[in-house]
Amino acid sequence: MELGALRAKQLELASSVIREDRFDTDPPRLIAGADVGFEQGGEVTRAAIVLLKYPELTLMEYQIARIPTTMPYIPGFLSFREYPALLRAWEQLSHKPDLIFVDGHGISHPRRLGVASHFGLLVDTPTIGVAKKRLCGKFDDLPDAPGEAVPLLDKGEQLAWVWRSKKRCNPLFISTGHRVGLDTSLSWVQRCMKGYRLPEPTRWADAVASGRPAFMRLAEIPR
């Protein structure tokens, strides 16, 4: 698909994103974390999805999907490259979550369709984008104290909260993915912290995808 067609598809999908709270279960009982990476020089896309029980934030299940990468790296169009593996991992879950944290942007994207929004639309589940770097927009200086937040603005529109989750760490960019309001997105990320830079859902998704030692000690968790 040519870039013009991809751009048009992004705008079409972005118009369907629901930017207010539409939870089926509130508070959620199961919260997912999703992370996407690439292997073999980008030829293989790897997606990991974890399920955490809320409010305990204990790991209940994880799934990893590896599939051939379907399109090249094109800045601004990463969701088309990442969502096929996420869908494969989603299909493998024995239970579906009430809320998803995605390592990536939601509406804080030039055309308002980052991977969190794209994936949230496809599975029609409340979704929050938790990104580590700014993709677009501007924000004022952020105080050093943990818990401080300032708006990320683009063309007069607030797209995310820039939030310092931990002292001496770069901030996170918390945005609506789908069916979650902007303030609610930040609130849920704050509720899922346990002293690390990342909230537990995406921290575990990254650990699972990377095979980190903390995860390996819990390898008996059912898949």
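In the annotation of an unreviewed UniProt entry, the protein chain is listed under the name Endonuclease V and assigned to Tenebrionibacter intestinalis. If you open the UniProt record of the protein chain and go to Function (unreviewed entry), you find "DNA repair enzyme involved in the repair of deaminated bases. Selectively cleaves double-stranded DNA at the second phosphodiester bond 3' to a deoxyinosine leaving behind the intact lesion on the nicked DNA." A UniProt comment under Cofactor (unreviewed entry) is attached to the protein chain, and it reads "Mg(2+)".

Of the regular secondary structure elements, the protein chain holds 6 helices and 8 strands. Against the globule reference of 17 Å for 223 residues, the protein chain gives a C-alpha radius of gyration of 16 Å, in line with a compact fold. When the backbone C-alpha atoms are referred to their principal axes, the protein chain occupies close to 50 × 45 × 35 Å. Relative to its 223 residues, the protein chain shows a buried fraction of 56%. A separation of at least 24 residues holds for 62% of the contacts in the protein chain among residues at least 6 apart in sequence. With the model as given, the accessible surface of the protein chain reaches about 10,400 Å², and the carbon-plus-sulfur share is 50%. The distance from the centre of the 30 positive side-chain charges to the centre of the 26 negative ones in the protein chain is 4 Å.

This brings us to the nonpolar core. Residues Leu99, Phe101, Ile128, Ile174, Trp188 and Val189 are the most contacted members of the largest nonpolar core, which totals 31 residues. In terms of residues, this core owes the most to one element, helix 5 (residues 200-210), which gives 5 residues. One finds Ala34, Val36, Ile67 and Ala116 within the second-largest nonpolar core, a separate group that totals 20 residues.

Glancing now at the pairing of strand 6 (residues 149-154). The pairing of strand 6 with strand 7 (residues 157-163) spans 6 bridges and is antiparallel. Looking across to strand 7, one finds that Val150 is bridged to Val162. Counting the residues that bridge the hairpin from strand 6 to strand 7 gives 2 residues, and of these Lys155 lies at a positive phi of roughly 55 degrees.

Parameters at a glance
Residues numbered from 1 in each chain as written. Predicted model: local features only at pLDDT ≥ 70, side-chain atom pairs only at ≥ 80, totals over all residues. Heavy atoms only, no water. UniProt positions renumbered as here; feature names shortened; annotations may be inferred. Helix = DSSP H or I, 4+ residues; strand = E, 2+ residues; numbered from the N terminus. Rg over C-alpha atoms; globule rule 2.2 N^0.38 Å. Buried < 20%, exposed > 50% of the residue type's maximum accessible area, 1.4 Å probe, protein only. Contact = heavy atoms within 4.5 Å. Areas by Shrake-Rupley, 256 points an atom, 1.4 Å probe, with all protein chains shown as cover. Lys, Arg positive; Asp, Glu negative; His and termini not counted. Charge placed at Lys NZ, Arg CZ, Asp CG, Glu CD. Core = buried A, V, L, I, M, F, W, Y, C linked by side-chain atoms within 4.5 Å. Pairing = 2+ DSSP bridges.

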